[in-house]
Amino acid sequence: MKNFITNLFKKEAKPVQVVQQPVQPVGSIISIMYSYRIKLGFENHPLPVGENCGCEAFCKKLLELNRLYTRVDIQNMSGMFGYDVYKHCGGDGCIHEWTTERVRQKNN
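All values derive from a computational prediction rather than experimental measurement.

As a further point, take the overall build of the chain. Within the chain, the regular secondary structure consists of four helices and two strands. The N-to-C order of helical and strand elements in the chain reads α-β-α-α-α-β. For the chain, with 108 residues in total, the buried portion stands at 20%. Carbon and sulfur atoms make up 54% of the accessible area of the chain, which totals about 8,800 Å².

Following the criterion strictly, the structure yields one salt bridge and no others. Here R67 ties to D73 by a salt bridge, and the two come within 3.4 Å at their closest N and O atoms. Relative accessible area serves as the criterion here: at 26%, D73 is assigned to the partly exposed category.

This part is about helix α3 (residues 71-81). Those residues of α3 not exposed but buried are I74, M77 and S78. The buried residues of α3 occupy an angular sector of 105° when the element is viewed end-on, so they sit on one face. Within α3, the exposed residues directed more than 90 degrees away from the buried face are V72, G79 and M80. Of the residues trailing α3, G82 is marked for its positive phi of about 80°.

Turning to the packing of aromatic side chains, a few remarks are in order. Following the criterion strictly, the structure yields five aromatic pairs and no others. Note on F58 and F81: the rings are 5.2 Å apart at their centroids and 90° apart in plane angle, and the pair reads as edge-to-face. You can see F58 sitting in helix α2 (residues 56-65) and its partner F81 sitting in helix α3, a full 23 residues away along the chain. Ring pairs connect the aromatic residues Y36, F58, Y69, F81 and W98, which therefore count as one cluster.

A few words on the environment of V85. Position of V85 relative to the elements: it lies in helix α4 (residues 85-88). Judged by relative accessible area, V85 falls into the buried class, the value being 0%. Sequence-wise, V85 and Q75 are 10 residues apart; in three dimensions their C-alpha atoms are separated by 7.3 Å. Residues in contact with V85, not counting those within four places in the same chain, are F58, I74, M77, S78 and W98.

Core analysis: the biggest nonpolar cluster contains 12 residues, these being Y34, Y36, F58, C59, L62, Y69, I74, M77, V85, C89, C94 and W98. Secondary-structure elements contributing two or more residues to this core are β1 (28-38), α2 and α3. Top contributing element to this core by residue count: α2, with three residues. Residues contacting C89, with those up to four places away along its chain left out, are Y36, F58, Y83, D84, C94, H96, E97 and W98.

Analysis parameters
Residues numbered from 1 in each chain as written. Predicted model: local features only at pLDDT ≥ 70, side-chain atom pairs only at ≥ 80, totals over all residues. Heavy atoms only, no water. Helix = DSSP H or I, 4+ residues; strand = E, 2+ residues; numbered from the N terminus. Buried < 20%, exposed > 50% of the residue type's maximum accessible area, 1.4 Å probe, protein only. Areas by Shrake-Rupley, 256 points an atom, 1.4 Å probe, with all protein chains shown as cover. Salt bridge = Lys/Arg side-chain N within 4 Å of Asp/Glu carboxyl O. Arc of directions from axis to C-beta. Phe/Tyr/Trp six-rings, centres within 6.5 Å; stacked < 30°, edge-to-face > 60°. Contact = heavy atoms within 4.5 Å. Core = buried A, V, L, I, M, F, W, Y, C linked by side-chain atoms within 4.5 Å.

Below you can see the structure in the form of structure tokens.
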């Protein structure tokens, strides 16, 4: 091992040619997306989902859409509504939350 390290730093060592090629991901790409769900522990809440939780129209619409959102989507919603939608969801008293989802996208 000592000889290897000594030889590695000798001045007469030949330079290594580096070939730069774009790296192609192998397999699949994992993205982080967000779903809008009812908070754990509130599944049996007496009020219908999206009603009287301080956010009726907002939560009801997101739950009806039943889709995944990027962080940019959520930030755009925040700009439209004038508050941090990720942090406060539908507002005061909201029983919903953003849940992190790992999405695997196949590499073509």
